[in-house]
Amino acid sequence: MPTKYNNLFTIKRLWLALAASMIVMFSILLYFGGEIYHQAPPIPETVQSEDGILIYTKEDILQGQKVWQSIGGMQRGSIWGHGSYLAPDWSADWLHREAVALLDILAQQQYQSNSEQLSQLQQDVLAVSLKHELKRNTYAPDTGVITVSNDRKNAIDTVKEHYASVFQTAKTAEANALKEQYAFAKSLALSDDNLHAFTGFVFWTSWSSVTLRPQGTVSYTSNFPHDPLVGNTPSASLFVWTIVSIMLLLGGIGLLVWFYAGQYDAWRDDMEPEEGVADVNLLGGITITPSMRATEKYFWTVIALIATQIFLGIVTAHYAVEGQDFYGFPLAEYLPYAVSRTWHTQLAVLWIATAWLATGLYFAPLIAGKEPKFQRFGVNFLFFCLLIIVVGSMTGEWLGIKQYFESLTNSFWFGHQGYEYIDLGRFWQIFLLIGLLLWLTLMVRALLPALRQGNHKSLIFLLVVASTAIALLYGAGLMYGQETHISIMEYWRWWVVHLWVEGVFEVFATTIIAVLFVRLGLLRYTTAVISVLFTTIIFLNAGVLGTFHHLYFSGTPISVLAIGGVMSAFEVIPLVLIGFEAYNHAKIESKAPWIEYYKWPLMFFSAVLFWNFIGAGLLGFLINPPLALYYMQGLNTTATHAHAALFGVYGMLGIGLMLFCLRGLTEHKVWNEKWLKLSFWSFNIGLVMMLLMSLLPAGIWQTINSYTHGYWYARSAEFVHSDLMEFFVWARVPGDIVFSVGAFALVMFIFTLARTKSDVKSNSQAVVN
């Protein structure tokens, strides 16, 4: 490294910067978590009419939250934009239905006519009264009572009757049609008490969406969802912080490019090891320890989970055109949409996490050069624990959604929690946390010898830190309970989904890859350490507070919206340099002819760079600015970003890491690379087709209608099942087929690999020949 940069980039300074910045960022995150707690929409003791008629109690609302959880929660429509896309957003749906019902009541009183038959002037006059009625805050903090007008009480009763026709046995053709369009099984039928409680919960989320904060000009959810009829339109803060985020993004990109080209890039030329790029495969002929060999079964399981997850994705997508059947077969009675989507999203996280965790278990003894006693037993024990968790949690989710548990508490603990990506019952969640702590123990005890030796100490220590964060951060999902306020629950849920999945796992993977490149003799150790630390600082400084961009409209204060908008823009900045990273790595790899031996793991790593820029960068920033997300949250634009980022980045990375490990585990076997080539290109081309032919155009069309008519309309059955939207669903089929070919090819590669006999030649000798 050039001498003039030694003072600028030292490992010690970067460690201090990382530690200091994380203390600051997590302190801010925790502080505003307290603000969310104090400023969350109040849950009233009672909701009553002006005549004193009791409508709902606090117990009803909390019980309704439990009922919502038990039937699938966020996998059966959404609340405040968070959840699945096929059924409505219940907050928006209730709000608009209540407004229309109240408008009709006012029209009958004043004009003895339905509101739709009035002149535009008469409708405008009534709209003023409607907005005043719905937006005024009648919550009394001293008594905990929300008082509504008698007319509004009657409107609530009207909407409640509609919900009875959907969530109980349908009595009309219209109700039957809605149940099918919502992909509800015909057998779904809430009891009268549970229906009353459920509607109380949905009413309260709707009330929070439209009611102005005390002495405020916006609702508790910053006027989300968009509905011009009730006066829910973008606030000034949405415009301000969107503009600020774009300006900071452009400025940050310019600053980072200047820094990278003028300062940072000066030592990038010294990426090669001091003795030059290794001319042989330094990992060739390594001794595979018993625990390393034991990880092989993890990767076979990953393949099975990938295939299952893709199949469930196809089934889930098909429900958008046949709500209760699969080509005539009544599938919803056996595998309801809420179950198939739960399993589809949960398996995505589980197989990716399994691939990454197994990679850590494989490389820990390799890095240390020795294996602790009983390590193989621990790896095997953990594997069977993970199998029990996967099978047990999926079974419990099916039983919960099918309403087989006698109590809602048992459903929460052993069935379905109701929250997307953390759907598994609380018992299974705790079991998984224990499994992660066991994994951490196995990692640390295997890496301790390497830490004591002092070789590559900083990289290994960062790997230990990332491993510790993986185990502990999942525990944030235990910070809420069955009756926790949904705003508080969302805060902790995104600690897991954003910080755990999108944060520390990426640091872990980046560090593992850096260790690999150093061990392969492709990258200088000091360069690797500084690169990883510098990248981690940039990524986590934006990523920790970037958690707030998921919480704009979840009953949080404006300060959360401001911080989330700014920091989510910063998250995109490092991604513009991906092209430079790819070029630098390709330049180094081209000097090592034996690198062809690792061609396909490296190809999947290169796909990660591409999808990180497209999925996390472009498609992420498409929806993350506050004003954009106001119209787009919970639409197919969100699904576009989710598919491109989750599979394109984390999935491709998981497959790449898996193949790297399998290359070592099968070093004396000749790989059938035709299957890997077919898998790689099918996955990538299929994903592009899926996004460009279906999800993205569907999301843009929904956004246009969300802006024009209101969010409720873009999520309504009428719109979702319109001819054009169903055309977009069918347009996904070609991409899904190509993508499925990729999964089939990967399965076939693993199958043929398992059947291939060992070659007597070593990998390095095979490459030379």
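Our subject is the structure listed above.
## Remarks on the overall build of the chain
- The number of helices and strands found in the chain is 28 helices and six strands.
- Taken over the C-alpha trace, the chain has a radius of gyration of 27 Å; the compact-globule value for 769 residues is 27 Å, and the two agree within 12%.
- Based on the C-alpha atoms only, the size of the chain along its principal axes is roughly 90 × 60 × 45 Å.
- Residues classed as buried in the chain amount to 62% of the 769 residues present.

## Description of the pattern of salt bridges
- Inspection of the entire model under this criterion finds ten salt bridges.
- Where E45 meets K58, a salt bridge forms, and the shortest distance between an N and an O atom there is 3.9 Å. Separated by 13 residues along the polypeptide, E45 in the loop between α1 (11-39) and β1 (46-49) and K58 in helix α2 (residues 58-70) bring together distant segments of the chain.
- By relative accessible area, E45 is classed as partly exposed at 38%.
- Given a relative accessible area of 27%, K58 falls into the partly exposed group.
- The closest approach of N and O atoms between R732 and D736, which form a salt bridge, is 3.2 Å. Like D736, R732 is buried.

## Quick word on the packing of aromatic side chains
- Applying the stated rule across the entire model yields 68 aromatic pairs.
- With a centroid separation of 5.8 Å and an interplanar angle of 55°, the aromatic rings of W600 and F680 are classed as tilted. Residue W600 is located in helix α20 (residues 599-623), and its partner F680 is located in helix α23 (residues 673-708); the two are separated by 80 residues in the primary sequence.
- On the basis of relative accessibility, which here comes to 4%, the residue F680 falls in the buried class.

## Regarding a nonpolar patch on the surface
- There is a patch of nonpolar side chains on the surface, built from Y327, L678, W730, V733, I737 and V741 and spanning about 560 Å² of accessible area.
- A per-element tally of the nonpolar patch places helix α27 (residues 733-755) first, with three residues.
- Within the secondary structure layout, W730 lies in helix α26 (residues 723-730).
- The exposure class of W730 is partly exposed, given its relative accessible area of 42%.

## Describing the packing of α2 against helix α13 (residues 408-415)
- Their axes nearest at 9 Å, the elements α2 and α13 cross at an angle of 45°. Between α2 and α13, the interaxial angle falls into the category oblique. Read as a crossing pair, α2 and α13 show a hand that is left-handed. Listed contacts from α13 to Q63, K66, V67, Q69 and S70 of α2 are L408, S411 and F412.

## Let's talk about the sheet that holds strand β2 (residues 54-57)
- Judged by pairing direction, the sheet is mixed, and its four strands sit side by side in the order β2-β1-β6-β5 without closing on themselves. Edge positions in the open sheet fall to β2 and β5 (139-140), since each of these has one partner strand only.
- In this structure, β5 lies alongside strand β6 (residues 145-148), joined through two bridges in antiparallel fashion. Bridge pairing links A140 to V145 in β6.
- The strands touched by helix α7 (residues 192-210) within the sheet are β1, β2, β5 and β6, with β2 carrying the most contacts at an inclination of about 85°.

## Side note on the environment of M632
- Relative to the helices and strands, M632 is located in helix α21 (residues 626-632).
- When its relative accessible area of 11% is taken as the criterion, M632 is described as buried.
- Taking C-alpha positions, M632 is 31 Å from K402, a pair spaced 230 residues apart along the chain.
- Each residue touching M632, except ones within four places of it in the same chain, is listed here: L622, I623, T637, T638 and T703.

## Thoughts on the nonpolar core
- In terms of nonpolar packing, the biggest core is built from 217 residues, with F167, W356, W500, F548, I655, L659 and F683 touching the most fellow members.
- A total of 24 residues in this core trace back to one element, the largest contributor, which is helix α16 (residues 486-519).
- Contact partners of I655, with chain neighbours within four places excluded, come to I306, W351, F604, F647, F683 and L746.

## Quick notes on the pairing of β2
- Relative to β2, β1 runs antiparallel, the two sharing three bridges. Pairing of T46 across the sheet is with T57, part of β2.
- Between β1 and β2, which pair antiparallel and follow one another directly, the connecting turn spans four residues, one of which, G52, has a positive phi of 85°.

## Considering α1
- A rise of 1.5 Å per residue sets the reference length of α1, with its 29 residues, at 42 Å; its end C-alpha atoms lie 42 Å apart and thus fit the reference within 8%.
- Residues of α1 that are buried: L14, W15, L18, S21, M22, M25, L29, F32, G33 and I36.

## Some words on empty space enclosed by the protein
- Overall, the coordinates contain six cavities of 30 Å³ or more when judged by the stated rule.
- Taken as a whole, the second largest cavity encloses approximately 80 Å³ of empty space.
- If you trace the second largest cavity, you find it lined by L350, A353, T354, L357, L386, V390, L432, L436 and W500.
- The element best represented in the lining of the second largest cavity is helix α11 (residues 337-368), accounting for four residues.
- Per-class residue counts for the lining of the second largest cavity are eight nonpolar, one polar and no charged.

## Focus on the packing of helix α12 (residues 375-401) against α13
- Contact geometry of α12 with α13 gives a least axis separation of 8 Å together with a crossing angle of 155°. In terms of orientation, α12 and α13 fall into the roughly antiparallel class. Here the hand of the crossing between α12 and α13 comes out left-handed. From α12, G396, E397 and G400 reach across to α13, where they touch S411, F414 and G415.
- Its residues assigned to classes, the contact of α12 with α13 comprises one nonpolar, four polar and one charged.

Criteria and cut-off values
- Residues numbered from 1 in each chain as written.
- Predicted model: local features only at pLDDT ≥ 70, side-chain atom pairs only at ≥ 80, totals over all residues.
- Heavy atoms only, no water.
- Helix = DSSP H or I, 4+ residues; strand = E, 2+ residues; numbered from the N terminus.
- Rg over C-alpha atoms; globule rule 2.2 N^0.38 Å.
- Buried < 20%, exposed > 50% of the residue type's maximum accessible area, 1.4 Å probe, protein only.
- Salt bridge = Lys/Arg side-chain N within 4 Å of Asp/Glu carboxyl O.
- Phe/Tyr/Trp six-rings, centres within 6.5 Å; stacked < 30°, edge-to-face > 60°.
- Patch = residues over 30% accessible without salt bridge, like charges linked within 9 Å, V, L, I, M, F, W, Y side chains within 5 Å.
- Areas by Shrake-Rupley, 256 points an atom, 1.4 Å probe, with all protein chains shown as cover.
- Axes fitted to C-alpha atoms, helices over the stretch in contact; angles between N-to-C directions.
- Parallel < 35°, antiparallel > 145°, perpendicular 65-115°, else oblique.
- Left-handed = near helix turned anticlockwise from the far one by under 90°.
- Contact = heavy atoms within 4.5 Å.
- Pairing = 2+ DSSP bridges.
- Core = buried A, V, L, I, M, F, W, Y, C linked by side-chain atoms within 4.5 Å.
- Expected span 1.5 Å × (residues − 1).
- 1 Å grid on protein atoms, 1.4 Å probe; cavity = no way out; pocket = protein on both sides within 12 Å on 5 of 7 lines; lining within 4 Å.
- Points joined across faces, edges and corners; volume = space filled by probe spheres on them.
- Nonpolar A, V, L, I, M, F, W, Y, C, P; charged D, E, K, R; others polar.

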